[in-house]
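Structure at a glance
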Amino acid sequence: MSNKISKLTRTKIKKEKTSQEKDQTKSQLQELLKEKNISVASNQIDLLVQIFKFIIVGGIATLIDWVIYFILYKIVKLNPLYANIISFSISVVYNYIASCKYVFKVDTSKSKSRRFIEFITFALIGLLINELLIFGLVTKLKWNAMLVKIIATAIVMVFNFVTRKKFLEKNN
C-alpha cells in the first residue's frame with residue numbers, strides 16, 4: 001500500500017514539474033513575442049512551444065544517429081548499411097521516448113506497444129519518403145544532393161510532426 005502511494009506521489013510530482021517547465025517555456029516565448037511586437041493567441045503559443053520542443057528532440061535524435069553512425073562506420077569499420085540501420089534504430093528509440101516525455105500529450109488509452117509500433121511505422125514511412133526524394137531528385141533529375149537533402153529533411157520533418165501529433169496525442 002505504501003509503495004502504491006509513493007509511486008502515485010512520484011507520478012504527481014513528475015507531472016507538476018513537467019507542467020511547470022511547460023509554463024516557463026510558454027511564458028518565455030510570450031515575453032519574446034511581446035518584445036518583438038508580435039501578437040499570437042494562447043493556443044498558437046502552445047503549438048509553437050510544441051514545435052520548438054519537437055525540433056530540439058529531433059535535432060538531438062539526428063545528432064545521436066550521426067555520431068553512432070560515424071563511430072560504427074569510421075572507427076569500428078562496420079559496413080555502412082549495418083551502421084546506418086543500428087544508428088537509425090537507436091535514434092528512433094530515443095526520439096520515441098523523448099517525444100512522449102517532452103513534446104506530445106500522449107494518448108494513454110493506447111498501450112505503450114501500440115504507440116511505439118505506430119511511431120516506428122511512421123518513422124519508417126518518413127525514411128522511405130526521404131529516400132524516394134533523394135533517389136528521384138538526385139539520381140534521376142540530377143539535382144544538387146545537399147539541396148535535396150535539405151528539402152527532403154524539411155518535408156519529412158513536417159510529415160513526422162503531423163503524424164506524431166495525430167497518432168501519439170489524445171483527442172486529435
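Right above here is the structure, for reference.
Residues numbered from 1 in each chain as written. Predicted model: local features only at pLDDT ≥ 70, side-chain atom pairs only at ≥ 80, totals over all residues. Heavy atoms only, no water.

**Examining the nonpolar core**
By size, the foremost hydrophobic cluster in this structure holds 13 residues, and its most contacted members are Phe-54, Tyr-96, Cys-100, Val-103, Phe-104, Phe-119 and Leu-168. Listed by contribution, the elements that provide at least two residues to this core are helix 2 (42-75), helix 3 (80-103), helix 4 (112-140) and helix 5 (145-168). In terms of residues, this core owes the most to one element, helix 3, which gives five residues. If we ignore the near neighbours within four places in the chain, the residues touching Phe-54 are Val-103, Phe-104, Met-157, Asn-160, Phe-161 and Arg-164. (Core = buried A, V, L, I, M, F, W, Y, C linked by side-chain atoms within 4.5 Å. Buried < 20%, exposed > 50% of the residue type's maximum accessible area, 1.4 Å probe, protein only. Helix = DSSP H or I, 4+ residues; strand = E, 2+ residues; numbered from the N terminus. Contact = heavy atoms within 4.5 Å.)

**Some thoughts on a nonpolar patch on the surface**
A cluster of nonpolar side chains, contributed by Leu-63, Val-67, Phe-70, Ile-71, Ile-75 and Val-76, occupies part of the molecular surface with about 570 Å² of accessible area. As for its placement among the helices and strands, Ile-71 is situated in helix 2. When its relative accessible area of 38% is taken as the criterion, Ile-71 is described as partly exposed. (Patch = residues over 30% accessible without salt bridge, like charges linked within 9 Å, V, L, I, M, F, W, Y side chains within 5 Å. Areas by Shrake-Rupley, 256 points an atom, 1.4 Å probe, with all protein chains shown as cover. Salt bridge = Lys/Arg side-chain N within 4 Å of Asp/Glu carboxyl O.)

**Points about helix 2**
With 34 residues, helix 2 ought to run about 50 Å at 1.5 Å a step, and its terminal C-alpha atoms sit 48 Å apart, in line with that. Downstream of helix 2 by one or two residues, Lys-77 has phi in the positive range, about 65°. (Expected span 1.5 Å × (residues − 1).)

**Section: the packing of aromatic side chains**
The tally for this structure, following the rule as stated, stands at eight aromatic pairs. Considering the side-chain rings of Tyr-96 and Phe-119, the 5.3 Å spacing of their centres and the 70° angle between planes classify their relative orientation as edge-to-face. With a gap of 23 residues between them, Tyr-96 in helix 3 and Phe-119 in helix 4 connect regions that are remote in the sequence. Accessibility expressed as a relative area gives 10% for Tyr-96, which makes it buried. Cluster of aromatic residues (ring-pair linked, three or more members): Phe-54, Phe-104 and Phe-161. (Phe/Tyr/Trp six-rings, centres within 6.5 Å; stacked < 30°, edge-to-face > 60°.)

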